[in-house]
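Given next are the chains, with one letter for each unit.
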Amino acid sequence: MKRIGAAIVLWAVALTGLAFVHPFGDPRVEYAKGRDTLLQGANMPADAKKVLITKCADCHSNETRWPVYSRLAPGSWLIERDIVEARKKMNLSTWEQMAGDTQDVLIGKIIQEAKSGKMPPPQYRALHWESKLTEADVAMLSTMGKTGQGEASLSGPGDAARGRVVFEKRCTGCHAMEGDREGPRLAGVFGRRAGSVAGFDYSAGLKNSGMTWNEATLERWLRDPDMVVPDTKMDFHVPKAQERSDLIAYLKR
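Worth saying up front: this structure is predicted, and the values here are computed from it rather than measured.

*Asks:* Just give me the short version of the overall build of the protein chain, but keep the residues and values in it.
*Replies:* Per the secondary structure count, the protein chain includes eleven helices and zero strands. Order of helices (α) and strands (β) in the protein chain, N terminus to C terminus: α-α-α-α-α-α-α-α-α-α-α. Within the protein chain, the proportion of its 253 residues that are buried is 41%. Considering only intrachain contacts with a sequence separation of at least 6, the fraction spanning at least 24 residues in the protein chain is 62%. A total accessible area of about 14000 Å² is found for the protein chain, and carbon and sulfur atoms account for 59% of it.

*Asks:* Which residues make up unusual backbone geometry, and what are the values?
*Replies:* Positive phi values are uncommon outside glycine, yet leucine 39 reaches one of about 60°. A relative accessible area of 0% means that leucine 39 is categorised as buried.

*Asks:* Give me helix α3 (residues 75-89): which residues, what numbers.
*Replies:* Taking 1.5 Å of rise per residue, 15 residues should cover 21 Å, and α3 covers 22 Å from first to last C-alpha, within 8% of that figure. Taken together, the buried positions of α3 are occupied by Ser76, Glu80, Ile83, Val84, Ala86 and Arg87. Burial along α3 is one-sided: seen end-on, the buried residues are contained in an arc of 165°. Seen from the buried face of α3, the exposed residues on the opposite side, beyond 90 degrees, are Lys88 and Lys89.

*Asks:* Mind laying out the pattern of salt bridges, listing which residues take part and the relevant values?
*Replies:* Going through the model one piece at a time under the given rule, you end up with twelve salt bridges. For arginine 185, the salt bridge is made with aspartate 180, and the minimal N-O distance between the two is 3.0 Å. Each member of the salt-bridge network shares a partner with another, and the members are Arg35, Asp58 and Arg65.

*Asks:* Tell me about the packing of aromatic side chains, and please be specific about residues and values.
*Replies:* One pass over the structure, following the stated rule, counts three aromatic pairs. On the numbers, 5.5 Å between centres and 45° between planes, the contact of phenylalanine 167 with tyrosine 250 is tilted. Remark: tyrosine 250 occurs in helix α11 (residues 241-252) and phenylalanine 167 occurs in helix α7 (residues 160-170); sequence separation between them is 83 residues. Take phenylalanine 167 and tyrosine 250: they sit in the same class, and that class is buried.

*Asks:* Give me the environment of lysine 252: which residues, what numbers.
*Replies:* On the secondary structure map, lysine 252 appears in helix α11. Residue lysine 252 is classed as partly exposed on the basis of its relative accessible area of 43%. Expressed as a C-alpha distance, the spacing of lysine 252 and asparagine 214, which sit 38 residues apart in the sequence, is 8.3 Å. When neighbours within four sequence positions are excluded, lysine 252 is seen to be in contact with Phe190 and Glu215. Separated by 2.8 Å, the side chains of lysine 252 and glutamate 215 make a polar contact.

*Asks:* Provide a residue-level description of helix α6 (residues 135-142), including the pertinent values.
*Replies:* Here α6 has its buried residues at Asp137, Val138, Leu141 and Ser142. The arc that holds the buried residues of α6, viewed along the axis, is 140°, so those residues lie on one side. In this structure, the buried residues of α6 make contact with α2 (46-56) and α4 (100-116).

*Asks:* Break down the side chain of arginine 192 for me, with residues and values.
*Replies:* For arginine 192, the location among the structural elements is in the loop between α7 and α8 (204-207). Here arginine 192 sits buried without a salt bridge, and the closest side chain of opposite charge, aspartate 180, lies 7.0 Å off (N-O distance). Engagement of the side chain of arginine 192 in a polar contact is seen with the backbone oxygen of alanine 187, the distance being 3.1 Å. Excluding anything up to four places from it in sequence, arginine 192 contacts Arg185, Leu186, Ala187, Val197, Met211, Thr212 and Trp213.

Rules used in this analysis
- Residues numbered from 1 in each chain as written.
- Predicted model: local features only at pLDDT ≥ 70, side-chain atom pairs only at ≥ 80, totals over all residues.
- Heavy atoms only, no water.
- Helix = DSSP H or I, 4+ residues; strand = E, 2+ residues; numbered from the N terminus.
- Buried < 20%, exposed > 50% of the residue type's maximum accessible area, 1.4 Å probe, protein only.
- Contact = heavy atoms within 4.5 Å.
- Areas by Shrake-Rupley, 256 points an atom, 1.4 Å probe, with all protein chains shown as cover.
- Expected span 1.5 Å × (residues − 1).
- Arc of directions from axis to C-beta.
- Salt bridge = Lys/Arg side-chain N within 4 Å of Asp/Glu carboxyl O.
- Phe/Tyr/Trp six-rings, centres within 6.5 Å; stacked < 30°, edge-to-face > 60°.
- Polar contact = N/O pair within 3.5 Å; in protein donor to acceptor, adjacent residues only side chain to side chain.
- Lys, Arg positive; Asp, Glu negative; His and termini not counted.

Given below as structure tokens:
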């Protein structure tokens, strides 16, 4: 019995000691300032801020709350790996330091992943069941896509070169030209029937919309997707008319 007890003690000490090894990086070194400091200057609705802080800040900010089991290896390594990767993708602690275009891309990605149910990831929800996004949470996050700069109703002719810059800044968080990502591939989108890329998981509303992508439908879609297809998974819009014109010219080329 003494040997068994000693073995258990040694095992526990070993696991605790190994927790001080950080094979994927040590996210604990980032200084926490308090959750009340997050998103103070962010241009987004207050309810959306609350959802982000309540449901996302554990992994996507420097304000991680570390439970007791996060101190035991090898579980601690997996938790640290997920947090390091999550902060690389989006860190709410540095939101106000990001460029406006970067914020816009992240907002689009937040809404896309919230609507698809990809966030929070299953391994996190299994331990934090209260983190699951409700329909009300998703609706609140979707309102972020309606903020930003005011609509400019007048625009000049579209310019494909400028449109490529808009695409790279605003669209590549979810889309690529040649392959499917969170959104479908966009090569050849002009003249294509909406919801028709084989193998991509579109919303039923978009698949059944009967639309063909042309200058008029893309203009309406980029201005406000929800007004075109209410149940769409995309809730990111391009508020400036000139940027929409340029982006359409790029997609049309």
